[in-house]
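Single-letter residue listing:
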Amino acid sequence: MICGFEPTPESYTPNLKSLLSIPTFPLKPCKPESFRQSILNLIRFGEQNIGIKVSLNYICETFHFQKRRLYDVINVFDIVGICVKLNLETIEWCGLKNVIHKFESLRKRYNICENQIPQDTIISDDCISITQLTLSFIKCILSLKVPCFDIRQIGMFLSRSNNRFKTTLCKLYQISHILESAGIIEKTPLPGELMLSKHFLARPKVEILSVTELLNHRDAPKCIFQPISTLIPQLA
């Protein structure tokens with residue numbers, strides 16, 4: 001049954017501590033422009049109602065999302081396994097606990113556990129969709145042996161075939177903001193550096209140690225890696 005009831009305060013009190021020991025998010029009134037708080041409130045609601053089918057219109061009205069931005073959130077959540085899109089206007093909530101299983105599924109599907117960069121990771125299309133970029137972003141993260149990565153270098157790697165680095169990086173920041181709100185990735189003290197949350201670090205041993213090595217991997221297009229400061233002075 002698709003969710004259409006008016007939620008009560010009690011329906012927003014999930015026990016997230018039982019899910020990967022992730023701290024419970026505080027429910028706060030969110031202004032229309034509070035994108036992060038809207039995401040947090042949606043997660044609280046979803047974790048309290050695992051398996052619920054919800055219309056996107058209901059989510060927009062209840063959690064004060066702009067429809068366009070909600071589509072971005074749902075596309076990212078669908079890739080990492082938090083929810084499943086049943087159709088254009090309805091999702092089923094799978095939960096944060098499902099992310100680990102989805103990561104394992106992606107490793108097997110794209111042979112990430114076999115020390116190979118998936119052939120379709122680099123984006124060659126002129127149109128860069130959030131869904132496509134999220135999948136490539138996650139595949140890069142799962143290919144690394146260490147949890148920390150520089151989002152700017154990943155942007156360079158993913159845009160090597162289409163020369164659309166700025167567009168790619170801008171969308172990567174949007175994706176990372178959504179993933180950070182969900183507790184899947186975290187910021188580090190270093191500018192531009194992120195890390196996969198410790199709750200999702202159970203990964204098989206792989207050979208790739210860093211994004212720099214990823215850029216020079218034998219399966220990637222041939223290109224000598226240069227320090228990011230020489231390629232993107234404005235980000236140095």
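Report on the accompanying structure. (Residues numbered from 1 in each chain as written. Predicted model: local features only at pLDDT ≥ 70, side-chain atom pairs only at ≥ 80, totals over all residues. Heavy atoms only, no water.)

## Focus on the overall build of the protein chain
For step 1, the next point in the chain: In terms of regular secondary structure, the protein chain is built from 9 helices and 7 strands.
For step 2, the next point in the chain: Across the 236 residues in the protein chain, those meeting the buried criterion constitute 50%.
For step 3, the next point in the chain: Within the protein chain, contacts between residues separated by at least 24 positions form 64% of all contacts whose residues are at least 6 apart in sequence.
For step 4, the next point in the chain: For the protein chain, the exposed area adds up to about 11700 Å²; of that, 55% sits on carbon and sulfur atoms. (Helix = DSSP H or I, 4+ residues; strand = E, 2+ residues; numbered from the N terminus. Buried < 20%, exposed > 50% of the residue type's maximum accessible area, 1.4 Å probe, protein only. Contact = heavy atoms within 4.5 Å. Areas by Shrake-Rupley, 256 points an atom, 1.4 Å probe, with all protein chains shown as cover.)

## Remarks on the side chain of Thr168
For step 1, the next point in the chain: Looking at the element boundaries, Thr168 is found in helix 7 (residues 165-181).
For step 2, the next point in the chain: Within the structure, the side chain of Thr168 is placed 2.8 Å from the backbone oxygen of Arg164, a separation counted as a polar contact.
For step 3, the next point in the chain: Setting aside residues no more than four positions away along its own chain, Thr168 makes contact with Ile128, Leu133, Gly155, Leu158 and Ser159. (Polar contact = N/O pair within 3.5 Å; in protein donor to acceptor, adjacent residues only side chain to side chain.)

## Quick look at the packing of aromatic side chains
For step 1, the next point in the chain: Counted according to the given criterion, the structure contains 6 aromatic pairs.
For step 2, the next point in the chain: Their ring planes at 65° and their centres at 6.3 Å tell us that Phe103 and Phe200 sit as a pair that is edge-to-face. Residue Phe103 is found in helix 4 (residues 98-109), and its partner Phe200 is found in the loop between strand 7 (193-196) and helix 8 (211-215); the two are separated by 97 residues along the sequence.
For step 3, the next point in the chain: Residue classification places Phe200 among the buried positions, given a relative accessible area of 2%.
For step 4, the next point in the chain: With a centroid separation of 5.8 Å and 80° between ring planes, the pair formed by Phe137 and Phe149 is classed as edge-to-face. Of this pair, Phe137 sits in helix 5 (residues 130-143) while Phe149 is found in strand 5 (residues 148-150), placing the two residues 12 residues apart along the sequence.
For step 5, the next point in the chain: Ring pairing ties together the aromatic residues Phe45, Tyr58 and Phe63, which thus form one cluster. (Phe/Tyr/Trp six-rings, centres within 6.5 Å; stacked < 30°, edge-to-face > 60°.)

## A look at the sheet that holds strand 7
For step 1, the next point in the chain: Strand order in the open sheet formed by 3 strands is 5-7-6, and the pairing between neighbours is antiparallel. Where the open sheet ends on each side, the last strands, each with one partner, are strand 5 and strand 6 (185-187). Strand after strand, the sheet turns through a mean of 35° between neighbouring axes, direction not considered.
For step 2, the next point in the chain: Where strand 5 lies against strand 7, 3 bridges are found, and the strand directions are antiparallel. Within the sheet, the bridge partner assigned to Phe149 lies in strand 7 and is Leu194. (Pairing = 2+ DSSP bridges. Axes fitted to C-alpha atoms, helices over the stretch in contact; angles between N-to-C directions.)

## Topic: unusual backbone geometry
For step 1, the next point in the chain: For Asn111, which is not glycine, the phi dihedral falls at a positive 55°.
For step 2, the next point in the chain: Within the element layout of this structure, Asn111 appears in the loop between helix 4 and helix 5.
For step 3, the next point in the chain: Owing to a relative accessible area of 32%, Asn111 belongs among the partly exposed residues under this scheme.

## Overview of the pattern of salt bridges
Oppositely charged side chains can pair when the atoms bearing their charge come close.
For step 1, the next point in the chain: Scanning the entire structure with this criterion turns up 4 salt bridges.
For step 2, the next point in the chain: Notably, a salt bridge pairs Asp150 with Arg152, separated by 3.0 Å at the nearest N-O pair.
For step 3, the next point in the chain: Residue classification places Arg152 among the buried positions, given a relative accessible area of 11%. (Salt bridge = Lys/Arg side-chain N within 4 Å of Asp/Glu carboxyl O.)

## Some thoughts on the packing of helix 4 against helix 5
For step 1, the next point in the chain: Contact geometry for helix 4 and helix 5: axes closest at 11 Å, N-to-C directions at 85°. As far as their axial angle goes, helix 5 and helix 4 are roughly perpendicular. Contact with helix 4, carried on its side by Phe103, Leu106 and Arg107, involves Leu135, Ile138 and Leu142 of helix 5 and no other residues of that element.
For step 2, the next point in the chain: Residue classes in the contact of helix 4 with helix 5 are distributed as 5 nonpolar, no polar and 1 charged. (Parallel < 35°, antiparallel > 145°, perpendicular 65-115°, else oblique. Nonpolar A, V, L, I, M, F, W, Y, C, P; charged D, E, K, R; others polar.)

## With respect to the environment of Ile141
For step 1, the next point in the chain: Assignment of secondary structure puts Ile141 in helix 5.
For step 2, the next point in the chain: We classify Ile141 as buried; its relative accessible area is 2%.
For step 3, the next point in the chain: C-alpha separation for the pair Ile141 and Leu196, spaced 55 residues apart in sequence, amounts to 7.8 Å.

## Observations regarding the environment of Ser161
For step 1, the next point in the chain: Within the secondary structure layout, Ser161 lies in the loop between helix 6 (151-158) and helix 7.
For step 2, the next point in the chain: According to the relative accessible area criterion, Ser161 is partly exposed, its value standing at 41%.
For step 3, the next point in the chain: Spatially, the C-alpha atom of Ser161 lies 6.5 Å from that of Ile123, the residues being 38 residues apart in sequence.

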